[in-house]
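Architecture at a glance
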Amino acid sequence: MQRISRRTVYEGRIVTIREDRMRLVGGEERVWTTVQHPGAVVIVPILSDGTILLVRQPRPSTDDVLLELPAGTRETGEEAIETARRELQEEIAHDAEVLTPLGGFYSAPGFCDEFLHLFVATDLRPVEGVEQDDDEEITVEPTAPGDVPDLIRSGEIRDAKSIAGLLRYLYLEGGLRESGR
C-alpha cells in the first residue's frame, strides 16, 4: 500500500480524525479514516493483600456505567509513567511506590491509533487533596483477583482495556498466584 494523500477532517479536544487516500497493490485507491489519539495508560492497582482496585464510572459514549481499571489520556509532553501516577491519584486517591510497565496495546487499530501503556501499581498509599476531574463520577470498587474471571465472563467488566490489562496481570504476570487465590 502507498499513501497518496492525507487530510485532517476534524480536530477536537482529545482526538483528530484524518483521511488517508491509499493506493492498493493492484492499483485501486481507497480512503482510510483514522481517529488519532494522543495515547493513554491503563493501571492495575494492587493492594498489599492482592486486592485489585477497579473503578465504576458513567461512560456517556456507551450510555452505561462501566466497571474498569483506572486509565486516562496522556497530556502533551507527558511520559506514560507520569500519566499513570496522575490517573491513580485522580481516580482512586492513591499513589504507588512501584509502577511496573507491562508493555501495551492498541485499543482498536482498525480505525484508531490509540496506544495504551499498561502498568501494575503496587505499594499503594492513600493521597489527600487530589480532586477528581470535574467531569468524572468515579466509585472505587476493591475486587478479589479470583472474582475477575467471572466478572469478565458475566459481562460486568466489558471494556477492552480492562479485560486486556486484567488478563495480562492475572495470567501472564502471575497475579492469581501472588494473591494466593
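Here, every reference points to the structure presented above.
In this report, the structure presented in the accompanying data block is examined. Note that the structure is predicted; figures quoted are calculated from it, not measured. (Residues numbered from 1 in each chain as written. Predicted model: local features only at pLDDT ≥ 70, side-chain atom pairs only at ≥ 80, totals over all residues. Heavy atoms only, no water.)

1. Examining the pattern of salt bridges
Selection criterion: Each reported salt bridge corresponds to a side-chain nitrogen of Lys or Arg within 4 Å of a carboxyl oxygen of Asp or Glu. Put simply, DSSP H or I for four residues or longer makes a helix, DSSP E for two residues or longer makes a strand, and each gets a number counted from the N terminus. Burial here depends on accessible area, computed with a 1.4 Å probe over protein chains only, as a share of the maximum for the residue type. Under 20% is buried, over 50% is exposed, and the range in between is partly exposed.
According to the stated counting rule, one finds 21 salt bridges in the structure shown. Taking the shortest distance from any N to any O, the salt bridge between D95 and R85 comes out at 2.6 Å. Linking D95 in strand β8 (residues 94–106) with R85 in helix α1 (residues 80–92), this pair joins segments that are 10 residues apart in sequence. Put simply, D150 and R153 hold a salt bridge, and the shortest N to O gap is 2.4 Å. Here D150 pairs with R153, and both are found in helix α2 (residues 148–154), just three residues apart, close to one helical turn. Look at R153 and you get exposed, because its relative accessible area is 64%.

2. Observations regarding the packing of aromatic side chains
Our working rule: Aromatic rings from Phe, Tyr and Trp, taking only the six-membered ring of Trp, are treated as a pair when their centres fall within 6.5 Å; an angle between ring planes under 30 degrees marks them as stacked, one over 60 as edge-to-face, and anything in between as tilted.
Here the structure, examined in full by the defined rule, presents one aromatic pair. Here the aromatic rings of Y106 and F115 are separated by 5.1 Å at their centres, their planes lie at 75°, and the arrangement is edge-to-face. Overall, the relative accessible area of 27% leaves F115 in the partly exposed class.

3. Comments concerning the pairing of strand β5 (residues 52–59)
Selection rule: Note on pairing: two strands pair once DSSP finds at least 2 bridges between them.
In this structure, β5 lies alongside strand β10 (residues 139–143), joined through five bridges in antiparallel fashion. The residue bridging R56 from the neighbouring strand is T139, located in β10. As judged from the five bridges shared by β5 and strand β6 (residues 64–68), these two strands associate in the antiparallel manner. Bridge pairing in β6 links R59 to D64. Count of turn residues in the β5/β6 antiparallel hairpin: four residues, of which D63 carries a positive phi of about 55°.

4. Here we look at a nonpolar patch on the surface
Quick note on the threshold: Like charges within 9 Å and nonpolar side chains (Val, Leu, Ile, Met, Phe, Trp, Tyr) within 5 Å are joined into patches, using only residues over 30% in relative accessible area that form no salt bridge. Each accessible area is a Shrake-Rupley estimate made with a 1.4 Å probe; only the visible protein chains count as cover when residues are assessed.
There is a patch of nonpolar side chains on the surface, built from L167, Y171 and L172 and spanning about 320 Å² of accessible area. Topologically, L167 is positioned in helix α3 (residues 160–172).

5. Things to note about the sheet that holds β10
What counts, and what does not: To obtain an axis, a line is fitted to C-alpha atoms, over the contacting stretch when the element is a helix, and the angle between two such axes runs from 0 to 180 degrees between their N-to-C directions. Contacts are residue-level and defined by heavy atoms, with any inter-residue pair within 4.5 Å sufficient.
Strand order in this open sheet of three strands is β6-β5-β10, and the pairing throughout is antiparallel. Edge strands, defined here as strands with exactly one partner in the open sheet, are β6 and β10. Pairwise comparison of adjacent strand axes, ignoring direction, gives a mean angle of 25° for this sheet. Of the strands in this sheet, β5 and β10 touch α1, which is tilted by about 75° from β5. Each of β5 and β6 touches α3; the most contacted strand, β5, lies at about 175° to it.

6. Side note on α3
What counts is decided by this rule: Take the number of residues in a helix, subtract one, and multiply by 1.5 Å to get its expected span. Think of it as the arc spanned by the lines of direction from the helix axis to the C-beta atoms.
Under the 1.5 Å per step criterion, the end-to-end length of α3 is 17 Å for 13 residues, consistent within 8% with the ideal 18 Å. Buried residues of α3: K161, S162, G165, L166, Y169 and L170, and no others. Taken down its axis, α3 places every buried residue within 135° of arc, on the same side. What points out from α3, more than 90 degrees from its buried face, is the exposed set A160 and L172. Directly beyond the C-terminal end of α3, a positive phi value near 80° is found at G174.

7. What to know about the sheet that holds β8
Strand pairing in a sheet relies on backbone hydrogen bonds, with the paired strands running either antiparallel or parallel. The four strands lie next to each other as β7-β4-β9-β8, forming an open sheet whose pairing is mixed. Because the sheet does not close on itself, it has two edges, and the strands there are β7 (71–73) and β8. Sheet twist, expressed as the mean angle between neighbouring strand axes with direction ignored, is 25°. Relative to strand β9 (residues 115–126), β8 is paired through 10 bridges, and the arrangement is antiparallel. Within the sheet, the bridge partner assigned to H94 lies in β9 and is P126.

Everything listed here is a matter of coordinates, which is why it stays silent on function.
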